[in-house]
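Secondary and tertiary structure notes
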Amino acid sequence: MPRNLLGTALPVLKRRPVPWLLAAVAASLVLVVSLLLAGTVRQDAAAVAGRVLDGVASAQAAAREGNGQYASLWLKGNDRTLAERGKEVAAEGAEDVRSIECGTGWLAGVRVEGQVFLRSSAAGGTVEDTAAVRLPDCISTEARDALLADLGVQRTWPQPPVGSLEPPAGEYRPAYHLTPDQRWMNDPQRPFFLDGKWHYYYLYNADYPEGNGTEWFHATSTDLVHWKNEGVAIGKFRNGLGDIETGTAVVDTEGTAGFGKGAVIAVLTQQHDGVQRQSLFYSTDNGYSFRNHEQNPVMENPGAEHWRDPRIVRDEANNQWLMLLAEGHKIGFYTSPDLKEWTYVSAFERDGLGILECPDFFQLDVDGDPAKRTWVLAASANGTAEGRTTGLAYWTGGWDGKGFTPSSQEHQWLDGGSDFYAAVTWDDPRLTDGQRKASRHAIGWMNNWAYARQLPTDGWFGAASVVRDIRLVSDGGRPALVSQPTPALKSLEGSPEQVAPGTVTEGASSALPVPASGAFKLDLELEKPASGTGEARVLLESGGKAYATLGYDFATGKAFVARDGDDVAAGVSRAGLEAGSDKGQAEQRVGEYRKVRAAEARTSGDTVRLTAYVDRSSVEVFPAGGNETLTSLLFPPPGDRGAALTAAGGAVTVRGGAVTPLAGIR
């Protein structure tokens, strides 16, 4: 009788197999079959991908031969340019196909059975290892990664350090929003990318609240999330023309201004004795310091009361620089060959929106279709006549090199909240032209002049919104901008805690797992009640009391933010209802602050998704299916932070969700 290693007799197997042996054999067979099937599926997927990418290569060759240039394609993104310029690509068996071009080369990707394969003009053959694909010289790794994201390949981020998830110092100091280390910040200046970094400037007053006058403060970032304050780049009152105010910095790649190729040129408003002029400053150290142009101002005021905030863009189609100036109720357009000599060409005028400020001008493709490339004119405006507050209004239309023609006389709004103003937008020069026209970044000053100087922060004043990505989509026949948080914000995410599905009834509440830091992302999927009415509400709490509410009203199809219990709403502000202040004006400011802000976010299905970024003194709500976001400051009273889910006007079903802690950036 055989024995085991310990010398104990082993039982002789009977004719009936032992149950565990049957299970082991069955499991082995399943594993073998699974491996064989996986290999077969993998081979089949690779075969389909190879066939589709062969078709892309053939179509690109036809486009180049017939039109002298390559073309783009996105099966699920409404881009059919390659089919129009080259030929149709047979995509049977593929879940999606994406191809980008850069003038002298192209890159294509296909997703089959959840796998992504790539091919480029730089090397024949299909590659499954996306990092190993050989790229044409004119396509960057950032452009490749953006193509992969279009195909559903999401970048993964390491968990942030544990210490970064702790509450930041200071009662209201944000964890993940850019703020000045001390003193005052307001208008953002459009960032640019140079020498491996994003360079961003904001108006800064080192003498606030004792003194006036702003200057340009410099901040840098590699990911548009983590910012480093670098110091003042353009200081106060140095050339006798007055305050340094809002403008635009551009990289003069070809040296058109005469300060060398790659010089950074800033054209900005200076104001002295109430007269606004445009001055030029230049930098030869990548934007860290600037020199005054000796012939300033480069634009003398023609006698206008409002003549400020130059926004400069490069109009490549007409080989010129283009400037927009805020001129009261109109936007003036000027052109220049060299950033110094400017010629007035036209104006765009609109009444009913107060004094227009901080204009912007850019192109985007509607629904990602290059055939629907559209100009967007934007300006910070006052929406009081429409029951709104201040924010960013915009129009879509065409530009012929001299004038802007709107496709509709009606304006739209980018954000329906109380505190998104003086916004700027920009794209990433590392991407292809088509990718740059598909979406762009945006950031705004998170504040409101109605109460900006009466907020209860201590030692620092003002914050920037998170960077969001905007794109143009069809909306009832009229293009509209939609916003999403920039993907790099995922680098701040800790471990999420799930929100269990269930029904929330009116008068009851369910606590949400909010981190002690008070900085988190909230995702909720809400189901439409059978009655079609009812509100899902999230109560933001401090010390066990609700100080603000955000939610969704199924009857109106609107997301909303109400802040009727925080310190400012209660009149506790630095100069709010203090003795000696004008009580009437203080009460008016508090009344403006307490108004509920809402944005339409209708959904065609039975559910609606809400995503909210909550920080120590703000909330930014991104409702799925909505064109407008909701950005609002919040100043919780002292106490431990919390949140609860409740309902009003009927029960609301929660299909699920998550609360994700967000790390600090300081």
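Residues numbered from 1 in each chain as written. Predicted model: local features only at pLDDT ≥ 70, side-chain atom pairs only at ≥ 80, totals over all residues. Heavy atoms only, no water.

**Notes on the environment of F362**
- Among the structural elements, F362 can be located in strand 18 (residues 357-365).
- When its relative accessible area of 3% is taken as the criterion, F362 is described as buried.
- Separated by 63 residues in sequence, F362 and T425 place their C-alpha atoms 8.2 Å apart.
- Every residue in contact with F362, bar those within four places of it in the chain, is listed here: T374, W375, V376, T425, R440, I470 and L481. (Helix = DSSP H or I, 4+ residues; strand = E, 2+ residues; numbered from the N terminus. Buried < 20%, exposed > 50% of the residue type's maximum accessible area, 1.4 Å probe, protein only. Contact = heavy atoms within 4.5 Å.)

**Let's talk about the confidence of the model for the protein**
- Looking at the protein, pLDDT values average 91 and 92% of them are 70 or higher.
- With pLDDT under 50 throughout, residues 1-22 is counted as low confidence; its partners more than four residues away or in other chains account for eleven contacts.
- Below pLDDT 50 for its whole length, residues 29-41 participates in two contacts with residues either more than four positions away or in separate chains. (pLDDT = per-residue confidence, 0-100.)

**Some words on the UniProt feature "domain: Glycosyl hydrolase family 32 N-terminal" (unreviewed entry) in the protein**
- Residues given the UniProt feature "domain: Glycosyl hydrolase family 32 N-terminal" (unreviewed entry) here are residues 177-485.
- Helix makes up 2% of residues 177-485 and strand 52%. Its end C-alpha atoms lie 13 Å apart. (UniProt positions renumbered as here; feature names shortened; annotations may be inferred.)

**With respect to the domain arrangement of the protein**
- Each assigned domain of the protein is listed with its residue range as follows: domain 1 (45-151), domain 2 (183-485) and domain 3 (493-661).
- For domain 1 versus domain 2, the distance between C-alpha centres works out to 35 Å.
- Taken together, the contact between domain 1 and domain 2 spans 15 residues of the former and eight residues of the latter.
- Buried area between domain 1 and domain 2, summed over both chains or domains, comes out near 850 Å², and the portion from carbon and sulfur atoms is 52%.
- When residues of domain 1 are sorted by the area they lose upon contact with domain 2, N78, E142 and A143 head the list and together hold 38% of the total.
- Put simply, R430 and E142 hold a salt bridge, and the shortest N to O gap is 3.5 Å. (Domains from an automatic or database assignment. Buried area = accessible area lost by both parts, 1.4 Å probe. Salt bridge = Lys/Arg side-chain N within 4 Å of Asp/Glu carboxyl O.)

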